[in-house]
Structures are given as structure tokens and as C-alpha cells.
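Spelled out, the chains give:
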Amino acid sequence: METDTIAAISTTMGEAGIAVIRVSGPESIAIVDRLYKGKQPLDAVPTHTVHYGRILDPAEGKVLDEVLVTVMRAPRTFTREDVVEISCHGGMIPVQAVLEALLASEARLAEPGEFTKRAFLNGRIDLSQAEAVMDLIRSKTDRAARVAVNQAEGRLSRLIQRLRQEILESLAHLAVNVDYPEYDAEQLTGQKMLEKSRQVEQEIDHLLVTARQGKILREGIATVIVGRPNVGKSSLLNALAHENKAIVTDIPGTTRDVIEEYVNVRGIPLRLVDTAGIRETEDLVEKIGVERSHQALAEADLVLLLLNHAEELGEDDRKLLKLAREHTTIVIVNKTDLPSRLDLEEVTSLIGGLPLVTTSVKEEKGLDELEQAIADLFMEGRTQTADATYVSNTRHVHLLKEARKHVHDAIEGIESGMPLDMVEIDLKNAWESLGEIIGDAVAEDLIDQIFSQFCLGK
Ligand SMILES: Nc1nc2c(c(=O)[nH]1)N(C=O)[C@@H](CNc1ccc(C(=O)N[C@@H](CCC(=O)O)C(=O)O)cc1)CN2
Ligand SMILES: Nc1nc2c(ncn2[C@@H]2O[C@H](COP(=O)(O)OP(=O)(O)OP(=O)(O)O)[C@@H](O)[C@H]2O)c(=O)[nH]1
Ligand SMILES: [K+]
Ligand SMILES: [Mg+2]
């Protein structure tokens, strides 16, 4: 149990309607009470009640802010410690002044994530739930937020606990077998362990399948728009972003550098990159832009390759098409509002099996089809249920893979007739790897590292 009392501003810095300072720890009520002037002292009020009053400068007695104070006594609080929240008028001066008065009065400034860390250390939530709180703050789409909320409420934790329980049951069979060999023949024990282990392996596999989608939900799909100058790349970025983010002109070579924008396509976050049109060029600035385009292409998860419906296929197009076939690419024939000069048959033969969409960004045609093509590629055609349990955290994915390997070793061990006490080691290892996901017996420095990634006041 921590003994010091921590305080931090828990709302966004800057001008706002109100700002909340959170104080947690054994002295939180006493510390705030020394600065607070209201109808009654805070140590006399019932728990989970809100009180109007003023915060005074302890030295000079001048009013720092008019506030509402919420008093919540342990253990029914966010941290399971005594918590006091002070709602100040928004605006940095009064909030900072109140915080400074608290710090001058025995409270310590909280480290990033320290409130949530205390909730974890005091056993209110486990590690994967704490990590989900952070994911929730950072989520960029509704769907990502929903996944994080589910995880914060302990859905992944319960699944992991169930898997660990299944492994424990296998181990228990073994223990019975060792203690009372006449009770259960070794072969029968092996058979039961095999069944259970296969089941666990399958469930871990299920979870790992969700990991790819989980990563997409968290980080977004690195998507690059490429194509010859003037095919409409920047126009497409603007259309997908529903905003004029990139400069569009009829002059080829308008985009000189890489432009990045987060867009949300049917709940899938794309980290969309507009690039300089790719062509052989002598212009130095443009040349650098073109090189960056090539680099963006190399790093992309998804390539949107634009061709011009109103122009014949050029050498640059052919080169790009060849490159694109090495990536996950959607070929887009743009400017279909203009008369056709593009040989679509040739395009079809050059792109192999790549999906092809025709658009007129100018007339806002074909954009739905494009969005559908993107969704098809990345949601693998499956409808997303809101209640699916996703793994989205790289630390969790790594540990699940580790656990899967141990379980697999156990299965192979049983199948090849290895002594069961050897198999026992593999299963114990699997049990431990799974335990690390929920923070069972993880090293202190890892915990510090995880929580330090949180924002201040969380
Ligand atoms: N003002 C304020 N709003 C907030 C938070 C906060 O700390 N303060 N939260 C902070 O992130 C989130 C809400 N999360 C919370 C989670 C648990 C408890 C809590 O007190 N849990 C106790 C009591 C539950 C009960 O009474 O039923 C517990 O679980 O023991 C409070 C907030 C979002 N909004
Ligand atoms: N007719 C027609 N014009 C379009 C369409 N899409 C874009 N344009 C026009 O084509 C011109 C070039 O568009 P941009 O979006 O700047 O093209 P870009 O590929 O980003 O060009 P660079 O950055 O110069 O490589 C602009 O005048 C756009 O208005 C379309 O579907 N039909
Ligand atoms: K242009
Ligand atoms: Mg452009």
C-alpha cells in the first residue's frame, strides 16, 4: 500500500468550462480540508458527496478559486484509496494555483498513470484492464473505443483467467496421478491433458486471429496514395478526409512533400499519406518528393494506386503497377467523368488479381465502392460484432504467442510419449505467460514502464 498522497490536474490543460484536480492517498481529505472553506469541514462529510466552497491560499488566506469538492473514502474509489476531486473554474491560472497550494501542503505531484497504477496495485483492476484505460484515451474510432471499453471492463482478463483455469485443471489431473497412481492410469491422464491442451491451443489461436485487426484498430492502416502527377491524389485524400487538407491545383507537381492525415473509413482508421506524383523529373525539389513517395510506398500496409481515365497508360504507370503487385493495392481509375483514353483491358491484364475501382473524385462518384473495397480487405469480409474480444496490445500478443508455443510443446510431448512431468513444465510455463498478460507476478520495472506511458493525471 502506498503511503504518500498524490495530486494532479486530470483534465486537459487549457481554457475550458471546468478543470478537475484529483487527489488520492491516506492524507487526501486532510490535505484538501486545510485549504478548503465551506459549510462544514471535509473530514465530517459522508463519503461520495459533493460540497460547494472555496480554496484559500494557506499563507495569505486569499481566495484562489470557487470550487466543488467531491469526497470519496476508500475502498469504493478509483484507486481504492481516499480520493478527493476538486472541480475548479477552467483556465490555467486558478487550476495551477490550487494545485500548487496542494503541493505546498504535503501532496506530491502524481507521475503519469499513477492513479491507474494505484488502482492496479490495490487490486481493483488487473494489468490488461489498466492498459485498456490508456487505449481508450488514445482510441481514434468508435470501434477502437468499444474494444478498449470491453477490455477495461475485464473481458480479456476473464478469458485469460479461464484459459489459465483450464491449464490448472490439466495440471491437477497430473498431480492426482502422481499422488495416487492407482486412481488413474498414466495413459488416461495423458489423454485428458491432451484434450485440454488442444482446446487451450485452439482458443489462443482464436485470440491471435483478432490481433491483426486489433493492431489496425489501434494504429491505423498505413495507406499511401500514389500515381502520376495530376491524377487526383490530393483530391482523393481530401474526399476521404471530408476536408480540404491537401492543396489541389491543375498544375502537375503540386504536392511536393508527403502529407499525412488520419481518416476513418467505415470504422477502420487509415493513416493516409498523399505523395508527390511519381515521374522521372529533373526538378530537384520534386525529385526529393518523388523519392519520399517511393519510401512511403515501401512502408505501406495499403497502396491506393491512381490511374487517369482520360490519359493513355504511360511508362510511369506501368512501373507503378509492377511495384504495386508486391503490395496490398487497390487500383483506382479516376476522372471517369472525362472521355476515356485509357485501355481498361490492358490495365486489367496488368494488375493481375488486384481489386479495381473506378471513380470521379470531382463528381464524388465511386467513393462508396472504394470504401467498401478497403473494408473488404481489412475486415476480411466478416461483419464485426461489437462484443468480440480483441487482443490489440503488442505486449499481449507477444505473451499469447509465447503461451501458445508452450502449450504446443506440451501437446507434442504427450503425443510422443514424453514423461508427463516434462509436459508439466511446458504447461506451467504456458500458465505463467498468460498470467503476465493480466499482471500476475510481473516485474516492477515492467509495471513502471507500462504506466509511465499514460498521460498526466490518469
Ligand atoms: N470525476 C471523475 N470522473 C471519471 C473518473 C474519475 O476518476 N473521476 N474516471 C477515472 O478514470 C472514469 C470513471 N471510472 C471510475 C472507475 C471506478 C471508480 C470507482 O470508484 N470504483 C469503485 C466503486 C464502485 C461502486 O461504487 O460501485 C470500485 O470499483 O470499488 C470511479 C471511477 C471516468 N470518469
Ligand atoms: N475531371 C476531373 N478532374 C479531377 C478529378 N479528380 C481531380 N481532378 C482535378 O485534377 C487536378 C489535379 O488534382 P490533384 O488532386 O491536385 O492531383 P494530384 O495527383 O495530387 O497532383 P500532384 O500533387 O500534382 O501530383 C485538379 O485540377 C483536380 O481538380 C476527377 O475525378 N475528374
Ligand atoms: K496537381
Ligand atoms: Mg497532389
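Cut-off values and rules
- Residues numbered from 1 in each chain as written.
- Chains lettered and ligands numbered in written order.
- Predicted model: local features only at pLDDT ≥ 70, side-chain atom pairs only at ≥ 80, totals over all residues.
- Heavy atoms only, no water.
- UniProt positions renumbered as here; feature names shortened; annotations may be inferred.
- Helix = DSSP H or I, 4+ residues; strand = E, 2+ residues; numbered from the N terminus.
- Buried < 20%, exposed > 50% of the residue type's maximum accessible area, 1.4 Å probe, protein only.
- Contact = heavy atoms within 4.5 Å.
- Areas by Shrake-Rupley, 256 points an atom, 1.4 Å probe, with all protein chains shown as cover.
- Donors = N, O, S within 2.8 Å, 3.2 Å for Na, K, Ca; no water.
- Patch = residues over 30% accessible without salt bridge, like charges linked within 9 Å, V, L, I, M, F, W, Y side chains within 5 Å.
- Salt bridge = Lys/Arg side-chain N within 4 Å of Asp/Glu carboxyl O.
- Near = heavy atom within 4 Å.
- Polar contact = N/O pair within 3.5 Å; in protein donor to acceptor, adjacent residues only side chain to side chain.
- Nonpolar A, V, L, I, M, F, W, Y, C, P; charged D, E, K, R; others polar.
- Pairing = 2+ DSSP bridges.
- Axes fitted to C-alpha atoms, helices over the stretch in contact; angles between N-to-C directions.
- Core = buried A, V, L, I, M, F, W, Y, C linked by side-chain atoms within 4.5 Å.

If you look the protein up in an unreviewed UniProt entry, it shows as tRNA modification GTPase MnmE from Salinithrix halophila. A UniProt comment under Subunit (unreviewed entry) is attached to the protein, and it reads "Homodimer. Heterotetramer of two MnmE and two MnmG subunits." Taken verbatim from the UniProt record of the protein, the Sequence similarities (unreviewed entry) comment is "Belongs to the TRAFAC class TrmE-Era-EngA-EngB-Septin-like GTPase superfamily. TrmE GTPase family."

Asker: Mind showing me how you'd approach the overall build of the protein here?
Answerer: Secondary structure assignment for the protein yields 15 helices and 13 strands. Buried positions account for 50% of the 458 residues belonging to the protein. Sequence-distant contacts in the protein: of pairs separated by 6 or more residues, those separated by 24 or more amount to 69%. Total accessible area on the protein is roughly 22,500 Å²; 52% of this is exposed by carbon and sulfur atoms.

Asker: Help me understand the coordination of the magnesium ion (ligand 4), please; the structure alone is not making it clear to me.
Answerer: Angles at a metal have ideal values that depend on geometry: 109.5 degrees with four tetrahedral donors, 90 or 180 degrees with six octahedral donors. The protein atoms that coordinate the magnesium ion (ligand 4) are Ser 234 (OG) and Thr 255 (OG1), at distances spanning 2.0 to 2.1 Å. The distance between the magnesium ion (ligand 4) and the potassium ion (ligand 3) comes to 4.9 Å. Residue Ser 234 is found in helix H8 (residues 233-241), and its partner Thr 255 is found in the loop between H8 and strand S9 (259-265); the two are separated by 21 residues along the sequence. For Ser 234, a relative accessible area of 7% puts it in the buried group. Overall, the relative accessible area of 10% leaves Thr 255 in the buried class.

Asker: Just to check I follow, could you spell out a nonpolar patch on the surface for this structure?
Answerer: On the surface, a cluster of nonpolar side chains totalling about 290 Å² of accessible area is made up of Val 50, Tyr 52 and Leu 68. Structurally, Val 50 is set in strand S4 (residues 49-56).

Asker: It is not clear to me how the site of ligand 1 should be interpreted in this structure. Could you clarify?
Answerer: Taken together, Arg 22, Pro 75, Arg 76, Thr 77, Phe 78, Glu 85, Arg 124 and Lys 458 make up the full set of residues adjacent to ligand 1. Within the side chain of Arg 22, a nitrogen or oxygen atom sits 2.6 Å from an oxygen atom of ligand 1. Between ligand 1 and the protein, one listed contact pairs a nitrogen atom with a side-chain N or O atom of Glu 85 at 2.6 Å. Protein chains bury 48% of the 680 Å² of accessible surface belonging to ligand 1 in isolation. Taken together, the residues of the shell around ligand 1 break down into 2 nonpolar, 1 polar and 5 charged.

Asker: Sorry if this is basic, but what is going on with the sheet that holds strand S3 (residues 36-38) here?
Answerer: What holds strands together in a sheet is hydrogen bonding between their backbones, with the strands either parallel or antiparallel. Reading across from one edge, S3-S4-S5-S6-S2-S1-S7 is the order of the 7 strands in this open sheet, with mixed pairing throughout. With partners counted over all chains shown, the strands left at the sheet margins are S3 and strand S7 (108-109), one partner each. Across 7 bridges, strand S2 (residues 18-24) lies against strand S6 (residues 83-89) in antiparallel orientation. Opposite Val 20, over in S6, you have Ser 87 as the bridge partner. Sheet contacts for helix H2 (residues 92-103): strand S1 (6-9), S2, S4, strand S5 (63-72), S6 and S7; angle to S1, the most-contacted strand, approximately 175°. Lying over the sheet, helix H3 (residues 114-121) contacts S1, S2 and S7, oriented at roughly 135° with respect to S1.

Asker: Hey, could you run me through the coordination of the potassium ion (ligand 3) in this one?
Answerer: Those donors, Asn 230 (OD1), Thr 249 (O), Ile 251 (O) and Thr 254 (OG1), are the protein atoms that reach the potassium ion (ligand 3), and they lie 2.5 to 3.0 Å from it. Donor residues for the potassium ion (ligand 3), ordered by position in the chain, follow N-x18-T-x1-I-x2-T. Relative accessible area serves as the criterion here: at 27%, Asn 230 is assigned to the partly exposed category.

Asker: I tried to follow the site of ligand 2 on my own but got confused; where do I start?
Answerer: Every one of the 23 residues lining ligand 2 counts as a neighbour, but Lys 233, Ser 235, Gly 253, Thr 254 and Asp 337 are closest to it. Contacts to ligand 2 include Gly 253, whose backbone N or O atom sits 2.8 Å from an oxygen atom. Within the side chain of Lys 335, a nitrogen or oxygen atom sits 3.0 Å from an oxygen atom of ligand 2. Notes on ligand 2: free accessible area 650 Å², of which the protein chains cover 89%. A per-element tally of the shell around ligand 2 places H8 first, with 3 residues.

Asker: Help me understand the nonpolar core in this model?
Answerer: Across soluble globular proteins, nonpolar side chains show a tendency to be buried alongside one another. Ranked by internal contacts, the top residues of the largest apolar core, which has 32 residues, are Leu 236, Leu 304, Ile 330 and Leu 370. Examining the composition of this core, we find that 6 residues originate from one element, helix H12 (residues 367-378), more than from any other. In contact with Leu 304, other than residues within four places in its own chain, are Thr 223, Val 224, Ile 225, Val 226, Leu 236, Leu 240, Leu 272, Ile 330, Ile 332 and Leu 370.

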